[in-house]
Amino acid sequence: MSDVTLVVVAGTTETAAIDGISAAGADPELRTHTPSADLEIVADGRPAPDSPVPVSPSGCPTPAVITRAVRERVGFDVVGVDAGLAVPTDAPVRGVGASPGGDVRDPEPVPDAAAVFENARETAPEIVADEDGPGASDELLVAETIPGGTTTALGVLTALGERPVVSSSLAANPLERKRAVVEEGLAASGLAPGDAAGDPLDAVRLMGDPVLAAAAGLVVGALDAGRDVTLAGGTQLAAVAALARHAGVDRRLPLATTAFVADDPTADVAELAGDLDLSVTATDPEFGSSDHPAMAAYARGEAKEGVGMGGALALADRADVSTAAVRDRVAAITDRLLAEREAADAVGGTR
């Protein structure tokens, strides 16, 4: 599918270390490795030798596995963007001058938000140009990987005065915990809900993360370059859409997410999408029909979205790749990755 490029914006935030808000990694230390390993899995099919396989505390594997499984079936291009990685990645990436984000409870967790946004906006046409020629990419799917990102997305939505709802990588969405964290952040930054309406860069600078700044800049830049853009993700990409709206983008945008997010009653995705004039595609990979432990974890409500999972599943559907074929590939990749990790652990490795 050479006319489509998935752009995965990867970064970290100290917000992910707050207890009880993220399952994107088995513990806070491993969460700093998750975005780097996610890029490697989507690009190369496995993490680098010194990267752990990202799993939740219960053992649910990263959504990067699902995105990689679809890529092996469909064949779309991938571009990684370093938007504040705390750990270097072996995957090829483009930089946008971002540093890892601070704690959303700090007064200014993303001091370089304006520069990151502008660098990403300028990078979008370069990505398009690199894909020009026979089989040029007419459509960019913009995705994210950043542990703790739903909490910073909630911070941004609240600062902008938008509907304050997000999903979660945990089966039970700790929304009240996230709202309490956001309230601390607003107080530290001297903001009330809605104070950053019309000022998206301030919303990210004071209440967000560097991935949101970069993803919003990429969306604006790609649209300015005349390319179609699909937001490949859940409520974090809805927050990116909100930033684009407050930056002046007025065209309707598609949001390609998973049924796991769309069916999450705490996330209110349909209402949030309505507020932001987003057309929603929610794809169900029917993981509940599999007895594989990884897919059973997704069916229980873990992970739900990330690393372009919803966008990749929508591409599989568009290419008439069956959900059964996707599930078979997910099982094969997961089993291989976990077997390689066990083998590495047996000889003192870290994978």
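Residues numbered from 1 in each chain as written. Predicted model: local features only at pLDDT ≥ 70, side-chain atom pairs only at ≥ 80, totals over all residues. Heavy atoms only, no water.

**Student:** What am I meant to see in helix α6 (residues 175-189) here?
**Tutor:** Note on helix geometry: an α-helix contains 3.6 residues per turn, so any two residues three or four positions apart are oriented the same way. Helix length check: α6, at 15 residues, gives a terminal C-alpha distance of 21 Å against a target of 21 Å (1.5 Å per residue), a fit within 8%. When α6 is considered as a whole, its buried residues turn out to be L175, K178, V181, V182, G185, L186 and S189. Down the axis of α6, the buried set is contained in an arc of 145°. They therefore lie on one face. Residues of α6 that are exposed and point over 90 degrees away from its buried face: E176, E183 and A187. Where α6 is buried, its residues touch α5 (149-160) and α7 (200-207). (Helix = DSSP H or I, 4+ residues; strand = E, 2+ residues; numbered from the N terminus. Expected span 1.5 Å × (residues − 1). Buried < 20%, exposed > 50% of the residue type's maximum accessible area, 1.4 Å probe, protein only. Arc of directions from axis to C-beta. Contact = heavy atoms within 4.5 Å.)

**Student:** Just to check I follow, could you spell out helix α8 (residues 210-224) for this structure?
**Tutor:** The end-to-end C-alpha distance of α8, which contains 15 residues, comes to 21 Å, matching closely the 21 Å that a straight helix rising 1.5 Å per residue would cover. With 14 of 15 residues buried, α8 lies mostly within the body of the structure. A side-chain oxygen of the first residue of α8 lies 2.9 Å from the backbone nitrogen of V211; this N-cap is D209. Positive phi shows up at G226, right after α8, with a value of about 85°. (Polar contact = N/O pair within 3.5 Å; in protein donor to acceptor, adjacent residues only side chain to side chain.)

**Student:** Would you explain the pattern of salt bridges in this entry?
**Tutor:** One side chain can pair with another of opposite charge once the charged atoms of both are near each other. Counted under the stated rule, the structure contains 16 salt bridges. Residue E118 is joined to R121 by a salt bridge in which the shortest nitrogen-to-oxygen separation is 2.4 Å. Of this pair, E118 and R121 both sit in helix α4 (residues 113-130), three residues apart, which is roughly one turn of the helix. For E118, a relative accessible area of 29% puts it in the partly exposed group. A salt bridge links E286 to R327; its shortest N-O distance comes to 3.6 Å. In this pair, E286 sits in the loop between β7 (278-283) and α12 (293-299) while R327 sits in helix α14 (residues 323-346), placing the two residues 41 residues apart along the sequence. Given a relative accessible area of 40%, E286 falls into the partly exposed group. By relative accessible area, R327 is classed as buried at 14%. When salt bridges that share partners are traced, they join R46, R336 and E340 into one network. (Salt bridge = Lys/Arg side-chain N within 4 Å of Asp/Glu carboxyl O.)

**Student:** I'm lost on unusual backbone geometry in this one. Help?
**Tutor:** Non-glycine residue D268 carries a positive phi angle of around 50°. Tracing the sequence through the fold places D268 in the loop between α10 (259-262) and α11 (269-276). Phi is positive for K304, close to 70°, though the residue is something other than glycine. Residue position: K304 is located in the loop between α12 and α13 (309-318). Looking at K304, the relative accessible area reads 4%, which means it is buried.

**Student:** What is the right way to look at the packing of helix α3 (residues 64-74) against α13 in this model?
**Tutor:** Think of two packed helices as two axes; the pair is described by the angle between the axes and how far apart they sit. Where α3 contacts α13, the axes come no closer than 9 Å and their chain directions differ by 25°. With respect to each other, α3 and α13 are oriented roughly parallel. Read as a crossing pair, α3 and α13 show a hand that is left-handed. Contacts between α3 and α13 involve I66, T67, V70 and V74 from the first element and M309, A312, L313, L315 and A316 from the second. When grouped by side-chain class, the residues that make up the contact of α3 with α13 number eight nonpolar, one polar and no charged. (Axes fitted to C-alpha atoms, helices over the stretch in contact; angles between N-to-C directions. Parallel < 35°, antiparallel > 145°, perpendicular 65-115°, else oblique. Left-handed = near helix turned anticlockwise from the far one by under 90°. Nonpolar A, V, L, I, M, F, W, Y, C, P; charged D, E, K, R; others polar.)

**Student:** When you look at the packing of aromatic side chains in this model, what are you seeing that I'm missing?
**Tutor:** What characterises a pair of aromatic rings is the spacing of the ring centres plus the angle enclosed by the ring planes. Summed over the entire model, instances satisfying the criterion amount to three aromatic pairs. Between the aromatic rings of F260 and F287, the centroid separation amounts to 5.9 Å while the plane-to-plane angle is 35°, which identifies the pairing as tilted. Note that F260 is positioned in helix α10 and F287 in the loop between β7 and α12, a separation of 27 residues in sequence. Considering the side-chain rings of F260 and Y298, the 6.1 Å spacing of their centres and the 40° angle between planes classify their relative orientation as tilted. Linking F260 in helix α10 with Y298 in helix α12, this pair joins segments that are 38 residues apart in sequence. On the accessibility criterion, F260 (15% relative accessible area) is buried. (Phe/Tyr/Trp six-rings, centres within 6.5 Å; stacked < 30°, edge-to-face > 60°.)

So far we have only geometry, and geometry alone does not tell us how the molecule works.
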